[in-house]
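Residue-level listing of the chains:
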Amino acid sequence: MDNIAGTKSALSWVVNLSVIFLVVLWLIPTVGLLVSSFRDRDQISASGWWLSPFPVEQNFQAKAAADDATSQNGTNVIEGNLFSEGSGEVIRFGGSRNNPTANAAGETAELSKDRTLTVQQNGDFVYTSPAEIKRDPSIYYSTKTPPKFSMDNYRTIMSSSNMDLAFINTLTVTIPATIIPILIAAFAAYALAWMDFAGRGVLIAVVVGLLVVPLQLALVPLLQFHNKIGIGQSFLGIWMAHTGFGLPLAIYLLRNYMVGLPRDIIESAKVDGATDFQVFTRIVLPLSFPALASFAIFQFLWTWNDLLVAKVFLPSNSESWVMTVKIADDLLGSRGGDWGILAAAAFISIAVPLIVFFTMQRYLVRGLLAGSVK
Amino acid sequence: MSPLVQGIVTVILGVGGCVGYFFLSNLILDKVIFPASGPRPGRNINRANLVRPWLFLFPAMVALGLYLVYPVVGSFWRSLYNRSGDEFIGFGNYQTMFADDGFQTALFNNFLWVLVVPAAATFFGLLVAQLTDRLRWGNIAKSLIFMPMAISFVGASLIWKFVYANNADIGLINAIRDFFGADEPLDVLQLNFWNNFFLMFILVWIQTGFAMVILSAALRGIPEETIEAAIIDGANPFQIFFKIKVPQIMGTIVVVWTTITILVLKVFDIVYTMTGGNFGTEILPSYMMSYMFRDDGRATAVAFVIMIIVLPVMIWNIRQARAEMR
Amino acid sequence: MKAQLLAGAAALALSAGIAQADGHQPFAVGEGDFTWDSYNEFAEKYDLAGQTVEITGAWTGNEKEKVDKVFSYFESATGATVNYSGSDSFEQDIVISARSGSAPNLAAFPQPGLAADLASQGLLTPLAEGSGAWVRDNFAAGQSWVDLGTYADADGADQLYGLFYRVDVKSLVWYSPEAFDEAGYDIPESLEELKELTDQIVEEGGTPWCIGLGSGAATGWPATDWVEEMMLRTQSPADYDAWVSNEMKFDDPKVIAAIEEFGYFARNDAYVDGGASAVANTDFRDSPAGLFSIPPKCYMHRQASFIPAFFPEGTVVGDDVDFFYFPAYAEKDLGKPVLGAGALFAITNPSEATNAFIEFLKAPISHELWMAQGGFLTPHKGVNPATYADDSLRAQGDVLLNATTFRFDASDLMPGEIGAGAFWTGMVDYTTGASAEDVAKGIQERWDAIQ
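About the criteria used
- Residues numbered from 1 in each chain as written.
- Chains lettered and ligands numbered in written order.
- Predicted model: local features only at pLDDT ≥ 70, side-chain atom pairs only at ≥ 80, totals over all residues.
- Heavy atoms only, no water.
- Helix = DSSP H or I, 4+ residues; strand = E, 2+ residues; numbered from the N terminus.
- Rg over C-alpha atoms; globule rule 2.2 N^0.38 Å.
- Buried < 20%, exposed > 50% of the residue type's maximum accessible area, 1.4 Å probe, protein only.
- Contact = heavy atoms within 4.5 Å.
- Areas by Shrake-Rupley, 256 points an atom, 1.4 Å probe, with all protein chains shown as cover.
- Lys, Arg positive; Asp, Glu negative; His and termini not counted.
- Charge placed at Lys NZ, Arg CZ, Asp CG, Glu CD.
- Salt bridge = Lys/Arg side-chain N within 4 Å of Asp/Glu carboxyl O.
- Buried area = accessible area lost by both parts, 1.4 Å probe.
- Polar contact = N/O pair within 3.5 Å; in protein donor to acceptor, adjacent residues only side chain to side chain.
- Nonpolar A, V, L, I, M, F, W, Y, C, P; charged D, E, K, R; others polar.
- Domains from an automatic or database assignment.
- Pairing = 2+ DSSP bridges.
- Phe/Tyr/Trp six-rings, centres within 6.5 Å; stacked < 30°, edge-to-face > 60°.

1. Concerning the overall build of chain C
Item 1. Helix and strand counts for chain C stand at 19 helices and eleven strands.
Item 2. In terms of C-alpha radius of gyration, chain C reaches 22 Å, essentially the compact-globule figure of 22 Å for 451 residues.
Item 3. Reported as C-alpha extents along the three principal axes, the dimensions of chain C are approximately 65 × 55 × 35 Å.
Item 4. Every one of the 451 residues in chain C was classed for burial, and the buried ones make up 58%.
Item 5. Long-range pairs, those at least 24 residues apart, make up 75% of the contacts in chain C between residues at least 6 apart in sequence.
Item 6. When the accessible area of chain C is evaluated, it comes to approximately 16,000 Å², of which 47% is carbon and sulfur surface.
Item 7. The distance from the centre of the 25 positive side-chain charges to the centre of the 68 negative ones in chain C is 3 Å.

What follows is the structure, given as structure tokens:
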């Protein structure tokens, strides 16, 4: 079967290579974020994530203690080692902040005012000055910092207050908001696909048109409405809102799938005396399962990653936050410059959708639309 | 009760309620109101069939009407008033809007987005779908390409910041330029006109997975016999692809194109978080966001323009639907 | 004992770290330099057991932790429960919730302009009678704080809606004392000297300034601070006030001159790290990092008092970094103007507890509890300055007190569409090459449209 399309080995090589190329192209940005989530903020600014496994040469400042100065032959001398704990390897050093790498390790630098500074590779240094040393002199040096990967960022986020609650809240919002629209949409899609009635074309057009309604328009009027009928900002409100917002796409996609189902099966069932309801529940619905599953995944992803609807329709106290709100409002606001934390947060919020996707993806592959179903 | 328990109860009630509604309403229709027995069963059945579509559609129509149609109509009405809502100015908002530089830039950029993103995403989706069709590791490849869809827009902005950053130590593009000897880092997001394409690519990156999934299924659905016949007739893989496969899945391609086009008209997060609409990257949805809650007259007018832009797509789809029904 | 308590409080303030999720009270009642009398008086007066107060504001993360601790004292004094939720997009959220009837009881507004908008729509409740007189008497430069909290209601009558709780001083230039020492630079006392220093640094091969305007959807706001500072240093306070209220048009030559003063620094490739093109896109939270790099990428960074939260971890204010007052022109004879900003509390949904909460904010203890945690300044005259977490804060407080002119951040006072919209984007356009006249004209046109 595989060779029926006449795949010569050269062609299949080309195909394989192009797919690899595309996949790598698609993956690289995400990999970058993943790697960054294990680094800390300083390392991220110092070197790109593609260099992260390699030690990075960075400049540091160390201070010699003026109190340790001894007087030797008329000059004041401080001796010591730059690495207070453990050991390290000095590559270059310098006496001024503007030129921290003026000299190679082992040389003797001549500083202003007749002072000298010698730094060895292992960090031993000798600082001499003819005048009395009153303030701690600074010694600048460069060394390779080993790559530092840690789960610190993840730990900070996971232990951030109420993160587990936010996770449960997100689940609580997404599952009903995925199941209920599908049910309602399936019936409507069937009606629009296989039932003949006046105004069908208009309704289909309206559904397509409603696909493009920008959500922001609906926020304030609907929240006012929710307040009026007494449900205010609550989980019930957001379930209803997501149902309303998700219906157009659901109906559109499901209808397109159902239209592609084989006419003969449905016709013969009707001839056999089945009502539309029976046709729907016993034939169309089971056959549409791949479409239902696919849309379920899209709707799940959409509600999981949604920020705006959650902020408006859920109460604003921190116990009701979903994960997107917690990350965007809490972490992004205060740790706006800490890219490591943000990267880790982004991955934490991706984790569940990815798991859902990978477990359900065989249904996706079976597909949403088919020219014919056997 | 805790939201989790509430959720479970809602799912049970919701599903049960829906099923119950549909079942009972059909039952009542068929047995009570228009029973298929009695003096004129035929007429009753016909009448039942006239009513039935509306039963199926009823919950959807209520939800759609309330959550989408009512805000839309209300918003159109609102766009005829001034910024604080107390003075009727007819199409005044639209007039000032069309004369505004910012709006014109946004409109132009939006056309670019609408032209480029669906085409590119569909193209890449189709390409990947076809290439991975018979591959042993096809499913893995597809899953990896779909992965960006699972990432929220905020996450995507962060990811691409590490690619576009104006610093060879952080941004991948500048690192590559640096490797090839460029002197200074280039801020791609400030490049006149071309920055739009860099932003567009982010959305293409995300949406290709969507297109790929749907087109892959469609490709699978093409009957084997047609392909086998073509091979026997001596067609090469390219001819098979363009002359047999593509026409057969044209309907699906249209659906994918439509859906992505509509999404492009709504997405503002990418532009909003990466450039804030500056540097000439403004598009209509982000333009609207900058007026939302401040000048609602103008914001709703922009929303209306967005909806009008989708009209051609709507009309095309209706035509397709009508053609299918025959 | 006192020293230990203060040191402990300072350590708390300076450490960045994982949240202590519970409302564990860091300061024991009756100990330390706090004015516990005001706390006890307040506790005796109010019993709100069983009530809940909902508060929203823009404080998130570390700042949220600190304010939660202050609220915990309100809870222990009255028996009520406080639910505070902070949001990065507070400006949008509060409008949505106020308009749709789900407003919290109180809101901490970072921009008076936004509060004024809501007041004019009738969505705020005025403070209790006598609050105005109280502020006049108890805040330094009290009348200004009353004016800043007074807005027109839906009928056009002026009422006092806002009580200020936290102040940021903006006219600060941050620098690395080590870098300055080594290079032998002196702290400039006048703007002329600052410009000379800038040139001197360039001559010696360095880059003087780090400027970054990036802030996601709010990109451009740091430039508005610069322009406001320049406005205060080139024009009289009356001119500044006229500019804020739009009596002086935005495209007035005086305003354009102020914008160009900012451009003197920001549009000069030699003056700014990364060159002029990097200014607009560098995130404001990343830009101070240049002060600490070796070799230094820049020597000075003009920014408000909240920026230490974004310095590299472990940076000690006073040692690794310090600030000096952003000087004024010696020749122009405009004194020492100081630009600042602050958050105000307003009542968005009155309840029995809301007035009690406002009273709590009037008590010195509520200010001192945050002062001791660091990152907080206040104009309240009744607080004990010894409770400031460290000397640097006390010094910032001094800047506040020594100002000959104090003005509130103009973009926070202007209507939201300008001050949190057109002004920001206009500044980005200016830094990327547009002319000051065009930018100012564009902003004025937008302002005309909303009159």
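The structure having been displayed, the exposition proceeds.
2. Remarks on the overall build of chain B
Item 1. Summing up its helical and strand segments, chain B has 15 helices and zero strands in all.
Item 2. Relative to the compact-globule value of 20 Å for 326 residues, chain B shows a C-alpha radius of gyration of 26 Å, a clear excess of over 25%.
Item 3. Principal axes of the C-alpha set define a box for chain B whose edges measure 90 × 70 × 45 Å.
Item 4. Across the 326 residues of chain B, 54% fall into the buried class.
Item 5. The long-range fraction of contacts in chain B, counting pairs at least 24 apart against all pairs at least 6 apart in sequence, stands at 66%.
Item 6. Carbon and sulfur atoms provide 68% of the accessible area of chain B, an area that totals close to 14,500 Å².
Item 7. Between the centroid of the 21 positive side chains of chain B and the centroid of its 20 negative side chains there is a distance of 16 Å.

3. Looking at the pattern of salt bridges
Two side chains with opposite charge may pair up if their charged atoms get near one another.
Residue and element names in this part refer to chain A.
Item 1. Tallied over the full model, the rule gives 22 salt bridges over all chains.
Item 2. One salt bridge in this structure joins Asp-40 and Lys-148, with 2.9 Å as the shortest N-O distance. With a gap of 108 residues between them, Asp-40 in the loop between helix 1 (9-36) and helix 2 (41-46) and Lys-148 in the loop between strand 9 (138-145) and helix 3 (152-158) connect regions that are remote in the sequence.
Item 3. Given the relative accessible area of 47%, Lys-148 is considered partly exposed.

4. Points about the interface of chain A and chain B
Item 1. With 107 residues of chain A at the interface, the matching set in chain B holds 105 residues.
Item 2. Both sides together, the interface formed by chain A and chain B hides about 9,600 Å², and carbon and sulfur atoms give 80% of it.
Item 3. Per-residue buried area on chain A facing chain B is highest for Trp-26, Val-212 and Leu-217 of chain A; these three make up 8% of the total on that side.
Item 4. Counting across the chain A and chain B interface gives zero salt bridges.
Item 5. Counting across the interface, chain A meets chain B through five residue pairs in polar contact (both at pLDDT 80 or more).
Item 6. Taken together, the residues that form the side of chain A that touches chain B break down as 79 nonpolar, 21 polar and seven charged.

5. Considerations on helix 15 (residues 364-371) of chain C
Item 1. By the criterion of burial, helix 15 of chain C is predominantly enclosed, with eight of the eight residues buried.
Item 2. Burial in helix 15 of chain C covers these residues: Pro-364, Ile-365, Ser-366, His-367, Glu-368, Leu-369, Trp-370 and Met-371 of chain C.

6. Points about the environment of Lys-228 of chain A
Residue and element names in this part refer to chain A.
Item 1. Structurally, the position occupied by Lys-228 is in helix 6 (residues 215-228).
Item 2. For Lys-228, a relative accessible area of 71% gives the class exposed.
Item 3. C-alpha separation for the pair Lys-228 and Arg-92, spaced 136 residues apart in sequence, amounts to 71 Å.

7. Considerations on the interface of chain C and chain A
Item 1. Each partner contributes residues to the interface: chain C has 39 residues there, and chain A has 37 residues.
Item 2. Contact with chain A buries area across many residues of chain C, yet Glu-178, Glu-182 and Ile-294 of chain C alone supply 20% of it, more than any other trio.
Item 3. Here chain C is connected to chain A by three salt bridges.
Item 4. The salt bridge involving Lys-63 of chain A is made with Glu-178 of chain C; its shortest N-O contact spans 2.2 Å.
Item 5. Of all the secondary-structure elements, those providing two or more residues to the side of chain C that touches chain A are strand 1 (52-57), helix 3 (61-78), strand 2 (81-86), helix 4 (90-99) and helix 8 (177-183) of chain C.
Item 6. Looking at the side of chain C that touches chain A residue by residue, the class counts come to 14 nonpolar, 14 polar and eleven charged.

8. Let's talk about the domain arrangement of chain B
Item 1. Structurally, chain B comprises domain 1 (3-58) and domain 2 (97-325).
Item 2. The centre of domain 1 of chain B, based on its C-alpha atoms, is set 41 Å off from the matching centre of domain 2 of chain B.

9. Points about the pairing of strand 3 (residues 106-109) of chain C
Residues and elements named next belong to chain C.
Item 1. Residues of strand 3 alternate between two faces, with Leu-106 and Ala-108 on one and Ala-107 and Phe-109 on the opposite face, all of them buried.
Item 2. The pairing of strand 3 with strand 10 (residues 337-347) spans four bridges and is antiparallel. When the bridges of strand 10 are listed, Ala-107 appears paired with Ala-346.

10. Topic: the packing of aromatic side chains
Residues and elements named next belong to chain C.
Item 1. Per the counting criterion, the structure on display carries 94 aromatic pairs over all chains.
Item 2. An angle of 45 degrees between the planes, with centres 5.2 Å apart, marks the rings of Phe-42 and Phe-360 as tilted. Note that Phe-42 is positioned in helix 2 (residues 36-45) and Phe-360 in helix 14 (residues 352-362), a separation of 318 residues in sequence.
Item 3. The class of Phe-42 is buried, set by a relative accessible area of 6%.
Item 4. Judged by its relative accessible area of 1%, Phe-360 is buried.
Item 5. Plain terms: the ring middles of Phe-357 and Phe-360 are 6.2 Å apart, the flat faces sit at 50 degrees to each other, and that makes the pair tilted. Of the two residues, Phe-357 and Phe-360 both sit in helix 14, three residues apart, roughly one turn of that helix. Comparing Phe-357 with Phe-360, the two get one shared label, buried.

11. Notes on unusual backbone geometry
Residues and elements named next belong to chain C.
Item 1. Here the bond from Ile-294 into Pro-295 is cis, since omega is -5 degrees, no more than 30 degrees from zero.
Item 2. The phi angle at Asp-333 is positive, at roughly 65 degrees, despite the residue not being glycine.
Item 3. Along the chain, Asp-333 turns up in the loop between strand 9 (322-325) and strand 10.

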